[in-house]
Amino acid sequence: MASSSNNFHYHYDPNNDSLNQYFQEQFNNQFEAVEEAMPVERKPREYIDRKREEGHERLWNDYFSDNPTYNAHHFRRRFRMNKLLFLRIVNRLSEEVPYFKPKKDATFRNGLSPLQQCTAAIRLLAYGTATDSVDEYIRLAACTARKCLEHFVVGIVDLFGAEYLRRPTQEDLQRLLFYGEQRGFPGMVGSIDCMHWQWKNCPTAWKGMYSRGTDKPTIVLEAVASQDLWIWHAFFGAPGTCNDLNVLDQSPVFNDIIYGRAPEVTYYVNGNEYNLAYYLTDGIYPEWATFVKSIPQPQHPKHRLFAQKQEGARKDVERAFGVLQSRFAMIKNPTLLWSKGKIAYIMRACLILHNMIVEDERD
(Lines give C-alpha, C1' and ligand atoms only; values in the text may rest on other atoms or scores of the structure.)
Protein backbone atom coordinates (compact mmCIF):
# COMPACT_ATOMS: atom_id res chain seq x y z
CA MET A 1 0.00 0.00 0.00
CA ALA A 2 1.38 3.35 -1.05
CA SER A 3 2.00 5.89 1.55
CA SER A 4 -0.33 8.86 1.50
CA SER A 5 2.66 11.17 1.82
CA ASN A 6 3.66 10.35 -1.81
CA ASN A 7 0.44 11.77 -3.25
CA PHE A 8 -0.67 15.42 -3.49
CA HIS A 9 -4.30 16.09 -2.86
CA TYR A 10 -5.75 19.58 -3.42
CA HIS A 11 -8.87 20.32 -1.50
CA TYR A 12 -10.81 23.34 -2.71
CA ASP A 13 -11.63 25.76 0.03
CA PRO A 14 -14.35 28.22 -0.97
CA ASN A 15 -13.20 30.63 1.73
CA ASN A 16 -9.61 30.81 0.33
CA ASP A 17 -9.49 32.77 -2.97
CA SER A 18 -5.70 33.25 -3.18
CA LEU A 19 -5.51 31.00 -6.24
CA ASN A 20 -8.23 32.98 -7.97
CA GLN A 21 -6.36 36.19 -7.26
CA TYR A 22 -3.18 34.71 -8.65
CA PHE A 23 -4.81 33.69 -11.92
CA GLN A 24 -6.60 37.05 -12.15
CA GLU A 25 -3.31 38.94 -11.77
CA GLN A 26 -1.65 36.75 -14.40
CA PHE A 27 -4.54 37.38 -16.77
CA ASN A 28 -4.41 41.13 -16.23
CA ASN A 29 -0.66 41.24 -16.84
CA GLN A 30 -0.99 39.27 -20.07
CA PHE A 31 -3.87 41.46 -21.22
CA GLU A 32 -1.98 44.68 -20.53
CA ALA A 33 1.10 43.36 -22.36
CA VAL A 34 -0.98 42.49 -25.41
CA GLU A 35 -2.75 45.85 -25.25
CA GLU A 36 0.56 47.74 -25.16
CA ALA A 37 1.93 45.70 -28.04
CA MET A 38 -1.04 46.49 -30.25
CA PRO A 39 -0.24 49.39 -32.60
CA VAL A 40 -2.22 52.55 -32.06
CA GLU A 41 -4.54 53.19 -34.92
CA ARG A 42 -3.61 56.48 -36.51
CA LYS A 43 -6.22 58.87 -37.64
CA PRO A 44 -6.00 59.17 -41.41
CA ARG A 45 -4.86 62.54 -42.67
CA GLU A 46 -7.73 64.65 -43.84
CA TYR A 47 -7.56 65.49 -47.51
CA ILE A 48 -8.43 69.05 -48.45
CA ASP A 49 -8.35 70.24 -52.02
CA ARG A 50 -6.73 73.60 -51.35
CA LYS A 51 -6.60 74.54 -55.04
CA ARG A 52 -2.90 75.28 -54.86
CA GLU A 53 -2.85 76.42 -58.49
CA GLU A 54 -5.18 79.26 -57.59
CA GLY A 55 -2.92 80.11 -54.66
CA HIS A 56 0.09 80.42 -56.98
CA GLU A 57 -1.92 82.52 -59.43
CA ARG A 58 -3.05 84.86 -56.65
CA LEU A 59 0.49 85.18 -55.26
CA TRP A 60 1.88 85.89 -58.73
CA ASN A 61 -0.69 88.57 -59.51
CA ASP A 62 -0.28 90.22 -56.12
CA TYR A 63 3.51 90.59 -56.13
CA PHE A 64 5.37 89.20 -59.17
CA SER A 65 3.39 90.09 -62.29
CA ASP A 66 4.20 93.02 -64.58
CA ASN A 67 1.41 95.03 -62.96
CA PRO A 68 1.26 93.69 -59.37
CA THR A 69 -1.49 94.55 -56.93
CA TYR A 70 1.03 95.59 -54.25
CA ASN A 71 3.95 97.85 -55.06
CA ALA A 72 7.63 97.52 -54.13
CA HIS A 73 7.11 99.21 -50.76
CA HIS A 74 4.52 96.63 -49.69
CA PHE A 75 6.74 93.81 -50.97
CA ARG A 76 9.72 95.13 -49.00
CA ARG A 77 7.67 95.41 -45.82
CA ARG A 78 6.08 91.96 -46.04
CA PHE A 79 9.02 89.96 -47.43
CA ARG A 80 11.70 91.93 -45.52
CA MET A 81 13.75 92.33 -48.72
CA ASN A 82 13.59 93.67 -52.25
CA LYS A 83 11.89 91.66 -54.96
CA LEU A 84 15.05 91.04 -57.01
CA LEU A 85 16.85 89.62 -53.99
CA PHE A 86 13.94 87.35 -53.11
CA LEU A 87 13.69 86.07 -56.69
CA ARG A 88 17.43 85.37 -56.70
CA ILE A 89 17.00 83.27 -53.57
CA VAL A 90 14.01 81.42 -55.04
CA ASN A 91 15.81 80.69 -58.32
CA ARG A 92 18.90 79.40 -56.54
CA LEU A 93 16.89 77.14 -54.24
CA SER A 94 14.72 75.80 -57.08
CA GLU A 95 17.84 74.92 -59.08
CA GLU A 96 20.02 73.37 -56.37
CA VAL A 97 17.69 72.07 -53.65
CA PRO A 98 15.56 69.07 -54.72
CA TYR A 99 12.72 69.93 -52.35
CA PHE A 100 12.05 73.23 -54.11
CA LYS A 101 12.21 71.93 -57.67
CA PRO A 102 8.83 72.01 -59.48
CA LYS A 103 7.13 68.60 -59.34
CA LYS A 104 4.01 66.84 -60.55
CA ASP A 105 1.95 64.30 -58.65
CA ALA A 106 0.67 60.93 -59.89
CA THR A 107 -2.16 62.62 -61.81
CA PHE A 108 0.32 64.99 -63.54
CA ARG A 109 -1.03 67.90 -61.51
CA ASN A 110 1.47 70.61 -60.67
CA GLY A 111 2.65 70.66 -57.08
CA LEU A 112 3.42 73.70 -54.99
CA SER A 113 5.53 76.23 -56.85
CA PRO A 114 8.89 77.39 -55.47
CA LEU A 115 7.34 80.83 -55.02
CA GLN A 116 4.66 79.42 -52.74
CA GLN A 117 7.14 77.36 -50.72
CA CYS A 118 9.67 80.16 -50.24
CA THR A 119 6.95 82.72 -49.51
CA ALA A 120 5.52 80.48 -46.79
CA ALA A 121 8.99 80.05 -45.24
CA ILE A 122 9.87 83.75 -45.30
CA ARG A 123 6.47 84.71 -43.86
CA LEU A 124 6.96 82.32 -40.94
CA LEU A 125 10.42 83.74 -40.30
CA ALA A 126 9.25 87.32 -40.65
CA TYR A 127 6.07 87.18 -38.58
CA GLY A 128 6.87 84.30 -36.20
CA THR A 129 3.32 82.95 -36.43
CA ALA A 130 1.96 79.40 -36.38
CA THR A 131 2.61 77.17 -39.36
CA ASP A 132 -1.05 77.10 -40.41
CA SER A 133 -1.25 80.90 -40.64
CA VAL A 134 -0.15 80.82 -44.30
CA ASP A 135 -2.68 78.16 -45.30
CA GLU A 136 -5.50 80.50 -46.26
CA TYR A 137 -3.36 82.61 -48.61
CA ILE A 138 -0.47 80.41 -49.82
CA ARG A 139 -2.71 77.30 -49.85
CA LEU A 140 -0.56 74.69 -48.15
CA ALA A 141 -1.04 72.64 -44.99
CA ALA A 142 0.63 73.35 -41.66
CA CYS A 143 2.94 70.33 -41.86
CA THR A 144 3.91 71.30 -45.42
CA ALA A 145 4.69 74.85 -44.29
CA ARG A 146 6.88 73.44 -41.53
CA LYS A 147 8.79 71.30 -44.04
CA CYS A 148 9.17 74.31 -46.33
CA LEU A 149 10.67 76.29 -43.45
CA GLU A 150 13.08 73.51 -42.49
CA HIS A 151 14.32 72.98 -46.06
CA PHE A 152 14.45 76.74 -46.64
CA VAL A 153 16.76 77.50 -43.71
CA VAL A 154 19.01 74.53 -44.53
CA GLY A 155 19.21 75.64 -48.16
CA ILE A 156 20.03 79.23 -47.17
CA VAL A 157 22.84 78.09 -44.88
CA ASP A 158 24.30 75.65 -47.41
CA LEU A 159 24.08 77.90 -50.48
CA PHE A 160 24.74 81.38 -49.08
CA GLY A 161 26.47 80.83 -45.74
CA ALA A 162 30.05 80.89 -47.01
CA GLU A 163 29.45 84.16 -48.88
CA TYR A 164 27.31 86.17 -46.49
CA LEU A 165 28.51 84.98 -43.08
CA ARG A 166 32.21 85.25 -43.77
CA ARG A 167 35.25 86.70 -42.13
CA PRO A 168 36.07 90.15 -43.51
CA THR A 169 38.02 90.11 -46.74
CA GLN A 170 40.61 92.76 -47.51
CA GLU A 171 37.95 94.85 -49.21
CA ASP A 172 35.59 94.43 -46.26
CA LEU A 173 38.36 95.34 -43.85
CA GLN A 174 39.12 98.55 -45.72
CA ARG A 175 35.46 99.51 -45.57
CA LEU A 176 35.27 98.78 -41.83
CA LEU A 177 38.40 100.81 -41.17
CA PHE A 178 36.98 103.67 -43.23
CA TYR A 179 33.77 103.64 -41.18
CA GLY A 180 35.77 103.69 -37.97
CA GLU A 181 38.05 106.53 -39.03
CA GLN A 182 35.10 108.64 -40.16
CA ARG A 183 33.63 108.32 -36.66
CA GLY A 184 36.85 109.15 -34.88
CA PHE A 185 38.06 105.59 -34.15
CA PRO A 186 40.86 104.68 -36.58
CA GLY A 187 41.60 100.94 -36.44
CA MET A 188 38.12 100.02 -35.18
CA VAL A 189 36.55 97.07 -37.04
CA GLY A 190 33.18 96.90 -35.27
CA SER A 191 31.43 96.68 -31.93
CA ILE A 192 30.94 93.39 -30.08
CA ASP A 193 28.17 92.41 -27.70
CA CYS A 194 25.83 89.53 -26.77
CA MET A 195 22.08 89.02 -27.06
CA HIS A 196 20.03 86.58 -24.99
CA TRP A 197 16.76 84.97 -26.04
CA GLN A 198 14.63 82.44 -24.23
CA TRP A 199 14.73 78.76 -25.19
CA LYS A 200 11.27 77.56 -24.24
CA ASN A 201 11.68 73.94 -25.37
CA CYS A 202 15.06 73.37 -23.74
CA PRO A 203 15.42 69.72 -22.60
CA THR A 204 15.27 69.33 -18.84
CA ALA A 205 18.71 67.71 -18.71
CA TRP A 206 20.26 70.78 -20.38
CA LYS A 207 18.55 73.53 -18.39
CA GLY A 208 21.43 73.87 -15.95
CA MET A 209 23.87 74.56 -18.77
CA TYR A 210 21.70 77.26 -20.34
CA SER A 211 20.27 79.01 -17.26
CA ARG A 212 21.48 81.97 -15.28
CA GLY A 213 20.49 81.48 -11.64
CA THR A 214 16.75 81.01 -11.47
CA ASP A 215 16.09 82.44 -14.93
CA LYS A 216 14.65 80.35 -17.71
CA PRO A 217 17.05 78.74 -20.21
CA THR A 218 18.43 81.17 -22.75
CA ILE A 219 20.69 80.96 -25.79
CA VAL A 220 23.35 83.63 -26.15
CA LEU A 221 24.38 85.16 -29.48
CA GLU A 222 27.73 86.93 -29.67
CA ALA A 223 28.06 89.19 -32.70
CA VAL A 224 30.32 91.83 -34.20
CA ALA A 225 28.49 94.47 -36.24
CA SER A 226 29.57 97.46 -38.30
CA GLN A 227 27.98 100.85 -38.80
CA ASP A 228 25.78 99.61 -41.67
CA LEU A 229 24.56 96.71 -39.44
CA TRP A 230 26.58 94.06 -41.31
CA ILE A 231 27.20 91.16 -38.88
CA TRP A 232 30.47 89.50 -39.84
CA HIS A 233 30.92 87.35 -36.71
CA ALA A 234 28.28 85.25 -34.96
CA PHE A 235 28.78 82.63 -32.24
CA PHE A 236 25.92 81.09 -30.28
CA GLY A 237 24.50 77.95 -28.74
CA ALA A 238 27.47 76.68 -26.71
CA PRO A 239 26.58 75.17 -23.29
CA GLY A 240 27.68 77.09 -20.24
CA THR A 241 27.59 80.46 -22.03
CA CYS A 242 25.44 82.21 -19.45
CA ASN A 243 27.01 85.65 -19.83
CA ASP A 244 29.27 87.64 -22.13
CA LEU A 245 32.50 86.47 -20.53
CA ASN A 246 31.58 82.77 -20.79
CA VAL A 247 30.83 83.28 -24.47
CA LEU A 248 34.11 85.11 -25.01
CA ASP A 249 36.07 82.21 -23.47
CA GLN A 250 34.68 79.82 -26.09
CA SER A 251 34.27 82.19 -29.02
CA PRO A 252 36.52 81.86 -32.10
CA VAL A 253 36.48 85.61 -32.70
CA PHE A 254 40.22 85.91 -32.00
CA ASN A 255 41.34 82.68 -33.66
CA ASP A 256 42.87 84.53 -36.60
CA ILE A 257 44.97 86.65 -34.23
CA ILE A 258 46.04 83.64 -32.16
CA TYR A 259 47.09 81.58 -35.19
CA GLY A 260 48.67 84.46 -37.07
CA ARG A 261 46.07 84.65 -39.86
CA ALA A 262 44.77 88.13 -39.05
CA PRO A 263 45.09 90.69 -41.87
CA GLU A 264 47.62 93.45 -41.40
CA VAL A 265 46.20 96.73 -40.16
CA THR A 266 48.14 99.97 -39.95
CA TYR A 267 46.79 103.19 -38.48
CA TYR A 268 48.05 106.16 -36.53
CA VAL A 269 46.77 107.72 -33.30
CA ASN A 270 48.51 110.84 -31.92
CA GLY A 271 51.44 110.19 -34.24
CA ASN A 272 51.96 106.60 -33.01
CA GLU A 273 51.69 103.63 -35.37
CA TYR A 274 49.50 100.66 -34.39
CA ASN A 275 48.96 97.30 -36.10
CA LEU A 276 46.23 95.67 -34.01
CA ALA A 277 42.59 96.29 -34.85
CA TYR A 278 40.18 96.69 -31.96
CA TYR A 279 36.51 96.45 -31.01
CA LEU A 280 34.24 98.75 -29.05
CA THR A 281 32.71 97.03 -26.02
CA ASP A 282 30.75 97.72 -22.85
CA GLY A 283 32.11 97.56 -19.32
CA ILE A 284 31.77 93.80 -18.73
CA TYR A 285 34.58 92.87 -21.13
CA PRO A 286 38.15 92.44 -19.79
CA GLU A 287 40.91 95.03 -20.07
CA TRP A 288 42.47 93.72 -23.28
CA ALA A 289 44.35 95.73 -25.86
CA THR A 290 41.85 94.71 -28.53
CA PHE A 291 38.90 96.08 -26.55
CA VAL A 292 38.19 99.78 -26.19
CA LYS A 293 35.66 100.57 -23.47
CA SER A 294 34.02 103.76 -22.34
CA ILE A 295 35.17 105.84 -19.36
CA PRO A 296 32.82 105.44 -16.40
CA GLN A 297 31.77 108.72 -14.77
CA PRO A 298 34.00 110.96 -16.88
CA GLN A 299 34.94 114.29 -15.29
CA HIS A 300 37.32 115.89 -17.79
CA PRO A 301 35.80 117.42 -20.98
CA LYS A 302 38.04 115.19 -23.13
CA HIS A 303 36.90 112.11 -21.20
CA ARG A 304 33.26 113.11 -21.58
CA LEU A 305 33.71 113.60 -25.31
CA PHE A 306 35.41 110.23 -25.66
CA ALA A 307 32.71 108.46 -23.63
CA GLN A 308 30.00 110.09 -25.72
CA LYS A 309 31.60 109.06 -29.02
CA GLN A 310 32.45 105.55 -27.82
CA GLU A 311 29.01 104.83 -26.41
CA GLY A 312 27.36 106.17 -29.55
CA ALA A 313 29.48 104.02 -31.87
CA ARG A 314 29.13 100.95 -29.65
CA LYS A 315 25.37 101.00 -30.21
CA ASP A 316 25.91 99.59 -33.72
CA VAL A 317 25.73 96.00 -32.51
CA GLU A 318 22.67 96.69 -30.36
CA ARG A 319 20.98 98.33 -33.34
CA ALA A 320 21.86 95.25 -35.39
CA PHE A 321 20.21 93.02 -32.76
CA GLY A 322 17.10 95.17 -32.81
CA VAL A 323 16.85 95.17 -36.61
CA LEU A 324 17.49 91.42 -36.75
CA GLN A 325 14.63 90.72 -34.33
CA SER A 326 12.27 93.14 -36.05
CA ARG A 327 12.95 91.62 -39.45
CA PHE A 328 12.57 88.03 -38.31
CA ALA A 329 10.11 87.79 -35.42
CA MET A 330 10.68 84.04 -35.09
CA ILE A 331 13.93 84.82 -33.25
CA LYS A 332 12.06 86.47 -30.38
CA ASN A 333 9.09 84.09 -30.45
CA PRO A 334 10.28 81.13 -28.36
CA THR A 335 7.20 79.00 -29.03
CA LEU A 336 8.41 78.29 -32.55
CA LEU A 337 12.02 77.48 -31.68
CA TRP A 338 12.29 73.70 -31.58
CA SER A 339 15.30 71.52 -30.94
CA LYS A 340 18.82 72.89 -30.63
CA GLY A 341 19.83 71.77 -34.12
CA LYS A 342 16.85 73.48 -35.75
CA ILE A 343 17.39 76.60 -33.68
CA ALA A 344 20.96 76.75 -34.98
CA TYR A 345 19.83 76.55 -38.60
CA ILE A 346 17.03 79.09 -38.08
CA MET A 347 19.34 81.52 -36.33
CA ARG A 348 22.12 81.14 -38.88
CA ALA A 349 19.68 81.49 -41.78
CA CYS A 350 18.27 84.71 -40.28
CA LEU A 351 21.78 86.12 -39.91
CA ILE A 352 22.60 85.24 -43.52
CA LEU A 353 19.37 86.79 -44.81
CA HIS A 354 20.06 89.88 -42.69
CA ASN A 355 23.51 90.27 -44.25
CA MET A 356 22.11 89.68 -47.73
CA ILE A 357 19.63 92.50 -47.18
CA VAL A 358 22.37 94.77 -45.79
CA GLU A 359 24.66 94.17 -48.75
CA ASP A 360 21.80 94.54 -51.24
CA GLU A 361 20.83 97.91 -49.75
CA ARG A 362 24.49 98.97 -49.59
CA ASP A 363 24.96 98.33 -53.31
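Since the model is a prediction, treat every value here as computed from it, not as a measurement. Numbering of residues starts from 1 in every chain and runs along the sequence as written. Local features in this predicted model are restricted to residues of pLDDT 70 or higher, and side-chain atom pairs are both shown and tallied only at a pLDDT of 80 or more, whereas totals for entire chains, interfaces and linings draw on every residue. With hydrogens and water excluded, all non-hydrogen atoms of the structure serve as input to the side-chain values.

Caption draft 1: Focus on the pairing of strand β2 (residues 218–225). In terms of burial, β2 is a largely internal element, eight of the eight residues being buried. Exposed residues in this analysis have more than 50% of their type's maximum accessible area, buried residues have under 20%, and partly exposed residues fall in between, with area computed by a 1.4 Å probe over protein chains only. Numbering goes from the N terminus for both helices and strands, where a helix is a DSSP run of H or I of at least four residues and a strand is a run of E of at least two. Burial of the side chains of β2 extends over both faces: T218, V220, E222 and V224 are buried on one face and I219, L221, A223 and A225 on the other. For two strands to be treated as a pair, DSSP must find no fewer than two bridges joining them. Pairing geometry for strand β1 (residues 188–198) and β2, over eight bridges, is antiparallel. Looking across to β2, one finds that C194 is bridged to E222. Alignment of β2 against strand β3 (residues 231–236), held across five bridges, turns out to be antiparallel. Counted as the bridge partner of V224 is H233 from β3.

Caption draft 2: Up close: the sheet that holds β3. Reading across from one edge, β3-β2-β1-β6-β7 is the order of the five strands in this open sheet, with mixed pairing throughout. Strands at the two margins of the open sheet, each flanked by one partner only, are β3 and β7 (291–292). Throughout, a contact is declared for two residues whenever any of their heavy atoms are within 4.5 Å. For helices, the axis comes from a line fit to the C-alpha atoms of the stretch in contact; other axes are also lines fit to C-alpha atoms, and the angle between any two N-to-C directions lies between 0 and 180 degrees. Set on the sheet, helix α8 (residues 170–182) makes contact with β1 and β3; between it and β1 the angle comes to about 95°. Running at roughly 50° to β1, helix α11 (residues 301–327) makes contact with β1, β2, β3, β6 (278–280) and β7 of the sheet.

Caption draft 3: Summary view of the side chain of S113. As for its position among the elements, S113 is in the loop between α4 (83–96) and α5 (114–127). Separated by 2.8 Å, the side chains of S113 and H56 make a polar contact. Pairs of N or O atoms within 3.5 Å make up the polar contacts considered here, provided that, within protein, one atom can donate a hydrogen while the other can accept it, and that residues adjacent in sequence are counted only when both atoms are side-chain atoms.

Caption draft 4: Main features of the layout of surface pockets. Using only the protein atoms, space was sampled on a 1 Å grid; points where a 1.4 Å probe fits but cannot get out form cavities, open sets with protein on both sides within 12 Å along at least five of seven lines form pockets, and lining residues are those with an atom within 4 Å of a point. Grid points are joined across faces, edges and corners, and a volume is the space filled by probe spheres set on the points. In this structure, the largest pocket occupies an estimated 480 Å³ of space. Lining the largest pocket are 20 residues, with R45, R52, L112, A141 and T144 sitting closest to its centre. Each residue gets one of three labels, nonpolar for Ala, Val, Leu, Ile, Met, Phe, Trp, Tyr, Cys and Pro, charged for Asp, Glu, Lys and Arg, and polar for the others, Gly among them. Here the residues of the lining of the largest pocket sort into six nonpolar, three polar and eleven charged. Volume-wise, the second largest pocket comes out at about 290 Å³. Around the second largest pocket, the lining is made up of 19 residues, and of these I257, A262, P263, A277 and Y279 lie nearest the centre. Contributions of two or more residues to the lining of the second largest pocket are made by α8 and α10 (255–258). Looking at the lining of the second largest pocket element by element, the count peaks at three residues for α10.

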